[in-house]
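Listed here are the chains, written in short residue letters.
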Amino acid sequence: MLKEFKAFIARGNVIDLAVGVIIGGAFTGIVTSLTNNLINPLIGIFLEKMDLSNLAFKVGGATFKYGAFINSLINFLIVAFVVFLLIKMINKVIKKQPAQPAIDNKEVLLSEIRDLLKQQK
């Protein structure tokens, strides 16, 4: 079982995934900082409030913090746009190779049977 685990961990996809998760976490921190420190104050100028995350309204005893939701939405849009650009760039760099038609074992066996029948005639 240890050998199987080592083989699993040594696979390129697992290592690539780990690197992606680590870089994604760091990138999320950068985007959060960008949103909180640059975008929110800019929006706050127009809304005459400096901190968007404090925007909220109360209904009865419940408080709805829609400013924090707006922050999360801005973060998501930035990350999604950067991922879109990254995928678009990768697709341009990596040229798609024409797909090789998959040969089914049944087709191979049928071809061999056909050839043997031709030889017998």
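Residues numbered from 1 in each chain as written. Predicted model: local features only at pLDDT ≥ 70, side-chain atom pairs only at ≥ 80, totals over all residues. Heavy atoms only, no water.

A. Structural context of the overall build of the protein. Within the protein, the secondary structure is distributed over four helices and two strands. Its helices and strands taken in sequence order, the protein reads α-α-β-β-α-α from the N to the C terminus. The principal-axis extent of the C-alpha atoms belonging to the protein is close to 90 × 40 × 40 Å. Scored against the burial criterion, the 121 residues of the protein give a buried share of 9%. Of the roughly 10700 Å² that the protein leaves accessible, carbon and sulfur atoms contribute 69%. (Helix = DSSP H or I, 4+ residues; strand = E, 2+ residues; numbered from the N terminus. Buried < 20%, exposed > 50% of the residue type's maximum accessible area, 1.4 Å probe, protein only. Areas by Shrake-Rupley, 256 points an atom, 1.4 Å probe, with all protein chains shown as cover.)

B. Looking closely at the side chain of T35. Inspection of the secondary structure puts T35 in helix α2 (residues 12–47). Under the relative-accessibility criterion, T35 is labelled buried at 0%. Discounting chain neighbours no more than four positions away, the residues touching T35 are N40, P41, N71, I74, N75 and I78. (Contact = heavy atoms within 4.5 Å.)

C. Looking closely at the pattern of salt bridges. A full pass over the atoms with the stated rule returns one salt bridge. One salt bridge connects R114 with D115, and the closest N-O pair in it is separated by 3.4 Å. Taking the relative accessible area as the measure of exposure, R114 reaches 44% and is therefore partly exposed. For D115, a relative accessible area of 36% corresponds to the partly exposed category. (Salt bridge = Lys/Arg side-chain N within 4 Å of Asp/Glu carboxyl O.)

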